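Close look at the chain arrangement
Each chain, written out:
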Amino acid sequence: MSAPARETGTSSQVRLARRPAGLPVAADWTIDRAAVAAPGPDEVTVEVLYISVDPAMRAWVGGARTYREPVEVGDLVPAAGIGRVLVSRADRCPVGSVVTGDFGVRSHATVAARGLLVLGEVADQDLPSCLGVLGVPGLTAWIGLHAVAAMRSGDTVLVSGAAGAVGSVAGQLAKARGARVVGVAGGPEKCRYVVEVLGFDACVDHRSGTLGADVAAATPGGIDVYFDNVGGPVLEAALANLARGARIALCGAISQYNEAAMAGPSNYMELLVARATMTGFLVFDHADVFGRARAEISALLRAGTLHVDTHIRQGIESFPDALADLFAGNNYGKVLVRVTDTHGTAEEKS
């Protein structure tokens, strides 16, 4: 790929208009245009092609303490993205190179080159994977299972958010390493998808009204590893069914992000009873194993044994709906916004 250096003019962008109360709505965001700054020394201007839409965004704009500074009202909404360098004043990022980084929800960004990962030549059809299975979600799945929970062949692994970007990969990676894998998802259709398409051994519907009993029935020997993406009642059901020496990888709590107050597990003492551990982790703290993780994931993709779905919406203006998709359970796999490509429909699943 190549592109001539050129001026970009203005950028479409999404800013926080007010802090959401519960589920985010359209009035929580402002979409406007702003001039794109010319790059200074060791900076580049990037045309953003895709933006990653993640549950953690809801926590960032809520104002509470998280692992990054909260987004203030009026600020650009932060987001990871992939783009093409249009103007460069950095030798490591030549014009035309494809890069990933924290660009925010906008169509063009002028940023420091040192914070970017240079990918070089990437086919257009492979761009979504760079933000999905080969990006942070895939790395998170691998790290949570292996670097945090020390999963072993023969373990019973419970994965919540099993049809989502991280959970779908985590369950498939666990199966590839010889685990018995049980998913948790919302509704019969998603549970069928988790078993019949992703290849999990079983899936529990968290909307069934009998969650605790269903988890117990699906894991009769207890849970050795729980990969937690949702928190709340599912976490409590997992705690109630731990095997001795169980390990919980605490990745996220999507069921709680829209609540006024986050509810902690009332039965956390089950950790003591089972002599178990629960460890929170961030993918960026494990950069030393990124190479191993990507190599294993890439091998499974080449072998055709790792199924990946991507839920794509079109255009910056679709960001509010794309974020809402995550909390409504409308997505299968990774959620992205395609930014600068004006072709295609407003929503697609690939």
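Before going into details, it helps to say that this report is about the structure given with it.

Criteria and cut-off values
Residues numbered from 1 in each chain as written. Predicted model: local features only at pLDDT ≥ 70, side-chain atom pairs only at ≥ 80, totals over all residues. Heavy atoms only, no water. Helix = DSSP H or I, 4+ residues; strand = E, 2+ residues; numbered from the N terminus. Rg over C-alpha atoms; globule rule 2.2 N^0.38 Å. Buried < 20%, exposed > 50% of the residue type's maximum accessible area, 1.4 Å probe, protein only. Areas by Shrake-Rupley, 256 points an atom, 1.4 Å probe, with all protein chains shown as cover. Lys, Arg positive; Asp, Glu negative; His and termini not counted. Charge placed at Lys NZ, Arg CZ, Asp CG, Glu CD. Pairing = 2+ DSSP bridges. Axes fitted to C-alpha atoms, helices over the stretch in contact; angles between N-to-C directions. Contact = heavy atoms within 4.5 Å. Parallel < 35°, antiparallel > 145°, perpendicular 65-115°, else oblique. Left-handed = near helix turned anticlockwise from the far one by under 90°. Polar contact = N/O pair within 3.5 Å; in protein donor to acceptor, adjacent residues only side chain to side chain. Phe/Tyr/Trp six-rings, centres within 6.5 Å; stacked < 30°, edge-to-face > 60°. Core = buried A, V, L, I, M, F, W, Y, C linked by side-chain atoms within 4.5 Å.

Here we come to the overall build of the protein. Looking only at helices and strands, the protein has ten helices and 16 strands in total. Here the protein has a C-alpha radius of gyration of 20 Å; the compact-globule value for 350 residues is 20 Å, and the two agree. For the C-alpha atoms alone, the extent of the protein along its principal axes is close to 60 × 45 × 35 Å. For the protein, buried positions account for 55% of its 350 residues. Split by element, the accessible area of the protein, about 15000 Å² in all, is 53% carbon and sulfur. Computing the positive centroid from 30 side-chain charges and the negative centroid from 36, the protein places the two 3 Å apart.

Phi is positive for alanine 150, which is not a glycine, with a value near 50°. Relative to the elements of secondary structure, alanine 150 occurs in the loop between α3 (136-148) and β8 (156-160). Exposure remark for alanine 150: the relative accessible area of 37% places this residue in the partly exposed category. In this structure, arginine 275 is a non-glycine residue whose phi angle is positive, near 50°. Counting through the fold element by element, arginine 275 comes out in the loop between α8 (270-273) and β13 (277-280).

This next bit is on the pairing of strand β3 (residues 43-53). Taking burial as the measure, the eleven residues of β3 include ten buried ones, the bulk of the element. Examined bridge by bridge, β3 and strand β15 (residues 334-338) share four bridges and lie antiparallel to one another. Across the sheet, the residue bridging to isoleucine 51 is valine 337, located in β15.

For the rest of this paragraph, the subject is the sheet that holds β8. Adjacent strands of a sheet form backbone hydrogen bonds with each other and so pair up, either parallel or antiparallel. Overall, parallel pairing links the six strands, which are arranged β10-β9-β8-β11-β12-β13 in an open sheet. Each of the sheet's edge strands pairs with one partner strand only, and the pair in question is β10 (202-205) and β13. Each adjacent strand pair in this sheet contributes to an overall mean axis angle of 15°, direction not counted. Relative to β13, strand β12 (residues 242-250) runs parallel, the two being bridged by four bridges. Counterpart to isoleucine 248 in the pairing with β13 is methionine 278. Here helix α6 (residues 211-218) sits on the sheet and contacts β8, β9 (180-185), β10 and β11 (223-228); the angle it forms with β10, its principal contact strand, is near 170°. In the packing of helix α7 (residues 232-239) onto the sheet, contacts are made with β8, β9, β11, β12 and β13, and the angle to β11 comes to roughly 170°.

A word on the packing of α6 against α7. Relative orientation of the contacting elements α6 and α7 amounts to 45°, with a least axis distance of 9 Å. As the angle between them shows, α6 and α7 are arranged oblique. α6 and α7 meet at a crossing whose hand is right-handed. On α7, the residues that touch Leu211, Gly212 and Val215 of α6 are Pro233, Val234 and Ala237.

The next point concerns the environment of tryptophan 60. Examined against the element boundaries, tryptophan 60 turns out to sit in helix α1 (residues 56-60). As for tryptophan 60 and glutamate 296, which are separated by 236 residues in sequence, their C-alpha atoms are 31 Å apart. Among residues more than four places away in sequence, those in contact with tryptophan 60 are Thr66, Tyr67, Arg68, Pro70, Val71 and Pro78. Here tyrosine 67 takes part through its side chain, which lies 3.5 Å from a polar atom of the side chain of tryptophan 60.

Now for the packing of aromatic side chains. Both the distance between ring centres and the angle between the ring planes are used here to describe each pair of aromatic rings. Taken as a whole and judged by the stated rule, the model has four aromatic pairs. For the ring pair tyrosine 193 and tyrosine 332, a centre distance of 4.6 Å and an interplane angle of 80° mean the geometry is edge-to-face. Remark: tyrosine 332 occurs in the loop between α10 (319-328) and β15 and tyrosine 193 occurs in helix α5 (residues 188-196); sequence separation between them is 139 residues. Exposure remark for tyrosine 193: the relative accessible area of 8% places this residue in the buried category. By relative accessible area, which is 12% here, tyrosine 332 ends up buried.

Further remarks concern the nonpolar core. If you look at the biggest cluster of nonpolar residues, it comprises 60 residues, and the most contacted ones within it are Val44, Val53, Val105, Tyr226, Leu242 and Phe319. Once you skip the residues sitting within four places of it in the chain, valine 44 turns out to touch Pro39, Val85, Val87, Ser88, Arg89, Ala90, Cys93, Ala109, Thr110, Val111, Ala113 and Leu116. Residues Ala249, Val289, Ile297 and Tyr332 belong to the second largest nonpolar core, which totals 39 residues.

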